[in-house]
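If you want the building blocks of each chain, they are given just below.
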Amino acid sequence: MGSAQWIPGTAPSGPAGLAAKAKDSQPVVAQPLYPALATRQPSLPSASASGSSLRQEDIKTDHLGNLTFIPDHPDPAPHLNAGCTDEPPGPRMNAHPPPPPQTPPTGDEPLVPPPQEPRLMTFQPPKLRSGMEYSPPEGELVTKHVFNTVSQEWTKTQQRVRIDKYPFQEGTMRSVFYMKDLARPMGGQQDWVAKISKDPSEDSDAYFHECEMQAIVQSFAEEYNKRDPPKKVVFADIAVIQCMERESTDGRPVLFTIEPYIAGPFIKYTNNYGWINPLAPRHTPQAFSHFSYELTEGKLIVVDVQGVIVKNVDCYTDPQIHSDSSLPAFGKGDLKEEGIAKFFETHCCNDVCRRLGLQHPLT
């Protein structure tokens, strides 16, 4: 059986030189940066349908499996509802802070960083020009950029959002804020999160590259779900916003990536250097990574799998791609062939891998 040509799309990015023109808050115009990523889709056997299926009445997704809305969760930030004048909470405590940025380990085993001491999350994005440290009751104006993987085009709209004063979570590189999307109906559909780099010198293109990477991974999830695995995989929808009423001290545009708020225990299953969470020994996260490698005939692999389980569906966010040397790097976390090799050094094929007909490259 021959394999079909498959093109997940042109990678998006903001144009070069955005920072130099940002002082007057002209809208960032997203332009394609990477060439179209062409891969070959191998002929994988389709398993018979069994187990759980993606229930559209419980989780709303688009045609690519992008997570667009999860209902039935308490309001995480009522002080951000439109018109509310309540003061936002002060800095929140992070009981398990992330480790500082690291280079790849040099030993034979993946490096597990030592636990960090609890600390307050005090990082704040640039203030509004009014001097406010969080969005006013009527919201702040933003330009929202959304990438369509079918048309391979960006669309942009203007709307109002409310972003919190202090983060409620953080990673090694970014701080995460509650956000209300005031363009959506009142209720759970307004609950989103906004993520901004802790590095004030972060290049503007990095935000668009992240959307590119997740758009590609969303396409992999669509292909994965076509094989009727025991558990479906969906990825949070992602977009970029430019805050038109804020500016940084050096004139850079103030950008966030945004995605729907997902309620529930957040679990990190793997990292980008072969580590597997010993407290969460599940099949689906690693099988999905293995599938992405075989789907692209070894050109790419999705790692750093993390997220929550909602209605028996794996809902992931913030993935990382490792790519071979023939492709542009997918951000700072793309460790190229070394990262791909490290995944398979610790990966043992499980029942889901075997059900999908996946073959371990080291056997």
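Residues numbered from 1 in each chain as written. Predicted model: local features only at pLDDT ≥ 70, side-chain atom pairs only at ≥ 80, totals over all residues. Heavy atoms only, no water.

Caption draft 1: Focus on the pairing of strand S16 (residues 255–260). Counted residue by residue, S16 has six buried out of six residues, so it is predominantly covered. Summarising the sheet, strand S13 (residues 191–197) and S16 pair through four bridges and their orientation is antiparallel. Within S16, the position partnered with Ala194 by the bridge is Ile258. Here four bridges tie strand S15 (residues 239–243) to S16, and the two strands are oriented antiparallel to one another. In the strand pairing of S16, Ala239 is matched with Ile258. (Buried < 20%, exposed > 50% of the residue type's maximum accessible area, 1.4 Å probe, protein only. Helix = DSSP H or I, 4+ residues; strand = E, 2+ residues; numbered from the N terminus. Pairing = 2+ DSSP bridges.)

Caption draft 2: Spatial organisation of unusual backbone geometry. The phi dihedral of Lys311 is positive, around 50 degrees, even though this residue is not glycine. Counting through the fold element by element, Lys311 comes out in the loop between strand S19 (306–310) and strand S20 (313–316).

Caption draft 3: Spotlight on the packing of helix H1 (residues 205–226) against helix H2 (residues 284–295). It is the contact of H1 with H2, at a shortest axis distance of 10 Å, that shows an interaxial angle of 100 degrees. In terms of axis orientation, H1 runs roughly perpendicular to H2. From H1, Val217, Phe220, Ala221, Glu223 and Tyr224 reach across to H2, where they touch Thr284, Ala287, Phe288, Phe291, Ser292 and Leu295. Across the contact of H1 with H2, the residue classes tally to eight nonpolar, two polar and one charged. (Axes fitted to C-alpha atoms, helices over the stretch in contact; angles between N-to-C directions. Parallel < 35°, antiparallel > 145°, perpendicular 65-115°, else oblique. Contact = heavy atoms within 4.5 Å. Nonpolar A, V, L, I, M, F, W, Y, C, P; charged D, E, K, R; others polar.)

Caption draft 4: Focus on the layout of surface pockets. Taken as a whole, the second largest pocket holds about 320 Å³ of empty space. In this structure, the second largest pocket is lined by 20 residues; those nearest its centre are Pro126, Ile196, Asp199, Pro200 and Ser248. Residue composition of the lining of the second largest pocket, grouped by class: nine nonpolar, six polar and five charged. (1 Å grid on protein atoms, 1.4 Å probe; cavity = no way out; pocket = protein on both sides within 12 Å on 5 of 7 lines; lining within 4 Å. Points joined across faces, edges and corners; volume = space filled by probe spheres on them.)

Caption draft 5: Inspection of the pattern of salt bridges at higher detail. With the rule as written, the count across this model stands at 23 salt bridges. With its nearest N and O atoms 3.5 Å apart, the salt bridge here joins Asp228 to Lys232. Residue classification places Lys232 among the buried positions, given a relative accessible area of 10%. Across the salt bridge formed by Asp250 and Arg252, the nearest N and O atoms sit 3.0 Å from each other. (Salt bridge = Lys/Arg side-chain N within 4 Å of Asp/Glu carboxyl O.)

Caption draft 6: Quick peek at the packing of H2 against helix H3 (residues 336–346). Across the interface, H2 lies against H3 with an axial gap of 12 Å and an inter-helix angle of 135 degrees. Relative to H3, the element H2 is oriented oblique. By crossing handedness, the relation of H2 to H3 is classed as left-handed. Packed against H2, whose contacting residues are Gln286, Ser289, His290 and Tyr293, the element H3 presents Ile340, Phe343 and Phe344 at the interface. Partitioning the contact of H2 with H3 into residue classes produces four nonpolar, three polar and no charged. (Left-handed = near helix turned anticlockwise from the far one by under 90°.)

Caption draft 7: Region of the structure containing the confidence of the model for the protein chain. Taken as a whole, the protein chain shows an average pLDDT of 81; of its residues, 76% reach a score of 70 or greater. Every residue in residues 1–27 is under pLDDT 50, and counting partners more than four places away or in other chains gives 87 contacts. Predicted confidence is poor over residues 29–58, with pLDDT under 50, and the contacts of this stretch with residues over four places away or in other chains come to 100 contacts. (pLDDT = per-residue confidence, 0-100.)

Caption draft 8: Structural detail: the environment of Gln359. Summarising the element assignment, Gln359 is placed in the segment after helix H4 (351–355). With 69 residues separating them in the primary sequence, Gln359 and His290 have C-alpha atoms 8.6 Å apart. In this structure, Gln359 is in contact with His290 and Glu294, ignoring residues within four places of it in sequence.

Caption draft 9: Quick look at the packing of aromatic side chains. Tallied over the entire structure, the rule returns 13 aromatic pairs. Ring centres 5.6 Å apart and planes at 70 degrees place the aromatic pair Phe235 and Tyr316 in the edge-to-face group. Taken together, the residues span a long stretch of sequence, with Phe235 in strand S14 (residues 233–236) and Tyr316 in strand S20 at a distance of 81 residues. Residue class for Phe235 comes out buried when judged on its relative accessible area of 2%. Aromatic pair Phe343 and Phe344: ring centres 4.9 Å apart, planes at 85 degrees, arrangement edge-to-face. (Phe/Tyr/Trp six-rings, centres within 6.5 Å; stacked < 30°, edge-to-face > 60°.)

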